[in-house]
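Here is how the chains run, residue by residue.
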Amino acid sequence: MTSMTPNPALAPAALQAYPRPQKVTQARVLRSEWTKLRTQPSAWWALLAAVILITGFGVGYSLLLQARPPHGAAAIAAFDPAAVSLAGVQLAQIAAGVLGVLLITSEYATGLIRTTLAAVPRRLPVLWGKAATLAAATVAVSLPAAFAAFVAGQSILGRQHLAVSLSQPGVARAVIGGALYLAVAALLGLGLGALLRSTAGGISALFALLFAVPLVAGFLPGSWADDVGKYAPATAGQAITTAHPDPTSSLPPWAGFGVFCAYAAILLGLAAIRMRRGDA
Amino acid sequence: MSASIEIRALTKRYGATTAVSDLTFTVRPGVVTGFLGPNGAGKSTTMRMILGLDEPDSGSVTVGGRPPRAHSAPLREVGGMLDPRAVHPSRSAYHHLLALAQTNGIGRSRVAEVIDAVGLRAVAGRPAGKFSLGMAQRLGIAAALLGDPATVVLDEPVNGLDVEGIRWIRGLLADLAAQGKTVFVSSHLMSEIAQTATRLIVIGRGRLIADTSVSEFIAAAPAASRVRVRSSDQDSLGRLLSAPEVSIEAAEDGALLVSGLPADHVGAAAGAAGITVLELATEQASLEDAFVDLTRDAVEFRAPARPAAGPAVKEEQ
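Residues numbered from 1 in each chain as written. Chains lettered and ligands numbered in written order. Predicted model: local features only at pLDDT ≥ 70, side-chain atom pairs only at ≥ 80, totals over all residues.

### Topic: the overall build of chain B
Note the cut-off: Put simply, DSSP H or I for four residues or longer makes a helix, DSSP E for two residues or longer makes a strand, and each gets a number counted from the N terminus. Neighbour density around each residue's C-beta defines its exposure: 20 or more other C-beta atoms within 10 Å make it buried, 12 or fewer make it exposed, and counts between make it partly exposed, where C-beta atoms are placed from the backbone.
Helix and strand counts for chain B stand at 11 helices and 13 strands. In chain B, which comprises 317 residues, the proportion classed as buried is 45%.

So, in structure tokens, the structure goes:
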């Protein structure tokens, strides 16, 4: 075309035809979403923050209770060393949830979602692809972190002979549960982000759901505070992260986790309806 | 293969605003079709519906005979660029294209090919958010071409390109059309479209104004030329020239603007009457003027008219 190009880096070459067959599949969209997640620096920062919060806060809280161990038979009976070493999960849920929000709202904020959905016009594979990669990445990062926090925490609490081992009832479930809880918290963020299509709105709604709802439930009179409060998303979900949940204030571990998953499923379902219908 | 874009009675509203109203036209393969209209005319809305992103309130869009959201290999059917800045700012250009390619099962070799084709090889590893507008345009065009689509839809692709880039994209669009693809390119500048497109769809306020060829549009442009003249006796010259088929206006600086007579007649008439001609020039009405005339009633946002129409100046831009 042009005989001289001043900038060789920008000299275009002729484009050949591309006859190979193409088709959108869920597996391909999943791969695409994984490419996006691993090439989005903010995702790595959020996951790094989750690891630091899980391990750092778990060790810190264990050290605190090593210095001020529980007194009296009742306090010792109620003491849950596994939950103490996993206390960082409650902070890490912020990082995981915000990651979930950002994963979708960053596409709406930049307009990238239009490019994405033009390539996947059935649209929902994008949401499912994001959900699957998000959950997998969160578990992959937070499970080792939760295990490390548990081991470190128990070695600290062991100095006061308060440690438990993974083989004791409910303990392994609590450690794995910490990672599962974070994955579902991230999905909650994804659902809210996809529903509201705004980073600020999604994060605000996430905080309201995780932190304000239990707070408000606590103001309810008498036993209502516990009876209603145990169904609040975070309270229900965190039953799985304790070895011995208190039956008056929390649901049984897997039932509570199921309720937490139901919240995420409802939000993702509403997001799917909004995404599928109408304008991108 | 019929890769036409068929738009039938298309209407789209956003709340109380009607963005596109009862629009019907066909974009055919093998030529570059320009999509022209003032800002806010509904071009981008129409293009979003062609790409299956916005849902029409009524009417229909088909690309290659099917609604855009019914394609199982959408990047093979239609490649689009709406907003070159619609990238994740810290993701590299390469990974941006790779993620897009993977959704449709397009291989890494094709990603490298389109990067070379738009001349971004040297910067493909850099974050796309750091690109200049011209580079972002090239990245957007690369994304549109990934699937070797039968239809290419580009919203204002020339915006932000330098002269070399503009020449490159004109050549590229001509090549794509020569390969038998349907090429639909929007612009708000008539002068731009005139050098790029063969066919022309003009809209204003969401309605179709013209569906024509660029050459017909130019031929039909009103007030093709007029003569600007200043002389020692404007009043006499004005009376001298007046005739039924001639229209004469006074410009702000006192010159006469004469339509319907060639410049040599004006000069000869003045000389015969002993009037000294101080200035005599033929002013070519620009394509932009023709476009503005055509869409005058269809512009949604317009500055209030100035007290007197200034003299037509040479084509701007």
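### Quick word on the overall build of chain A
Inclusion rule: Note that contacts rest on C-beta atoms placed from the backbone: two residues are in contact if these are within 7 Å.
Of regular secondary structure, chain A possesses 12 helices and 0 strands. For chain A, the N- to C-terminal ordering of α and β elements is α-α-α-α-α-α-α-α-α-α-α-α. Along the first, second and third principal axes, the C-alpha set of chain A runs to 90 × 40 × 30 Å. Nonlocal contacts in chain A, meaning residues at least 24 apart in sequence, comprise 77% of its contacts between residues at least 6 apart.

### Examining the confidence of the model for chain B
Residue and element names in this part refer to chain B. In plain terms, the rule: In predicted models, pLDDT denotes the confidence assigned by the predictor to each residue on a 0 to 100 scale.
For chain B, per-residue confidence averages 88 on the pLDDT scale, and residues scoring 70 or more make up 90% of the total. Mean pLDDT across the elements of chain B bottoms out in helix 11 (residues 287–295) (70) and peaks in helix 3 (residues 93–103) (98). Low pLDDT, under 50, characterises residues 306–317; the stretch is placed with 12 contacts to residues that sit more than four places away or in other chains. Of the two predicted TM-score estimates for the complex, the pTM is 0.85 and the ipTM is 0.91.

### A word on the pairing of strand 3 (residues 32–36) of chain B
Residues and elements named next belong to chain B. Where we set the bar: Pairing between strands is defined by DSSP: at least two bridges between the two strands are required.
Of all 5 residues in strand 3, 5 are buried, a share of seventy percent or more. Residues V32, G34 and L36 point to one face of strand 3 and T33 and F35 to the other, with burial holding for every one of them. In terms of strand pairing, strand 3 meets strand 7 (residues 182–187) through 5 bridges, oriented parallel. Residue pairing for strand 7: V32 is matched across the bridge by V183. Note: strand 3 against strand 8 (residues 199–204), 4 bridges, orientation parallel.

### Topic: unusual backbone geometry
Trans peptide bonds make up most of the peptide bonds, and negative phi angles are found at most residues other than glycine. All names here are of chain B. With phi around 50°, E156 is a residue other than glycine that occupies positive phi space. Considering the arrangement of structural elements, one finds E156 in the loop between strand 6 (151–154) and helix 6 (163–178). Judged by C-beta crowding, with 22 C-beta atoms within 10 Å, E156 ranks as buried. Positive phi outside glycine occurs at R205, with the angle close to 50°. Along the polypeptide, R205 turns up in the loop between strand 8 and strand 9 (207–213).

### Considerations on the domain arrangement of chain B
Interfaces are frequently sized by the accessible area removed from exposure as the parts join. The condition is simple: Per the annotation, domain bounds derive from an automatic or database assignment of domains.
Splitting chain B by domain gives domain 1 (5–219) and domain 2 (225–284). Computed from C-alpha atoms alone, the centre-to-centre distance between domain 1 of chain B and domain 2 of chain B is 47 Å.

### Quick notes on the interface of chain A and chain B
The condition is simple: Note on residue classes: Ala, Val, Leu, Ile, Met, Phe, Trp, Tyr, Cys and Pro are nonpolar, Asp, Glu, Lys and Arg are charged, and everything else, Gly too, is polar.
Contacts between the two partners involve 40 residues from chain A, matched on the other side by 48 residues from chain B. When contributions to the side of chain A that touches chain B are tallied by element, the ones reaching two or more residues are helix 1 (26–38), helix 5 (89–110) and helix 6 (112–119) of chain A. Split by residue class, the side of chain A that touches chain B holds 20 nonpolar, 12 polar and 8 charged.

### A closer look at the packing of helix 5 of chain A against helix 9 (residues 199–218) of chain A
Residues and elements named next belong to chain A. Put simply, the rule reads: Fitting a line to C-alpha atoms yields each axis, with helices limited to the stretch in contact; the angle taken between N-to-C directions then spans 0 to 180 degrees. Should an angle lie under 35 degrees it is considered roughly parallel, over 145 roughly antiparallel, and from 65 to 115 roughly perpendicular; all remaining angles are considered oblique. Crossing handedness: left-handed means the near helix sits turned counterclockwise from the far one by under a right angle, and right-handed means the same turn made clockwise.
Where helix 5 contacts helix 9, the axes come no closer than 9 Å and their chain directions differ by 155°. If you check the angle between helix 5 and helix 9, you find them roughly antiparallel. Where helix 5 crosses over helix 9, the handedness of that crossing is right-handed. Counting all contacts with helix 5, which are made through Q93, G97, V98, V101, L102, T105 and A109, the residues of helix 9 involved are T199, G202, I203, L206 and L210. For the contact of helix 5 with helix 9, the per-class residue count stands at 7 nonpolar, 5 polar and no charged.

### As for the environment of C261(A)
Residue and element names in this part refer to chain A. Relative to the elements of secondary structure, C261 occurs in helix 12 (residues 253–276). Among the residues examined, C261 registers 18 C-beta atoms within 10 Å and is labelled partly exposed. Along the backbone, C261 and I240 are 21 residues apart, and their C-alpha atoms lie at a distance of 12 Å.

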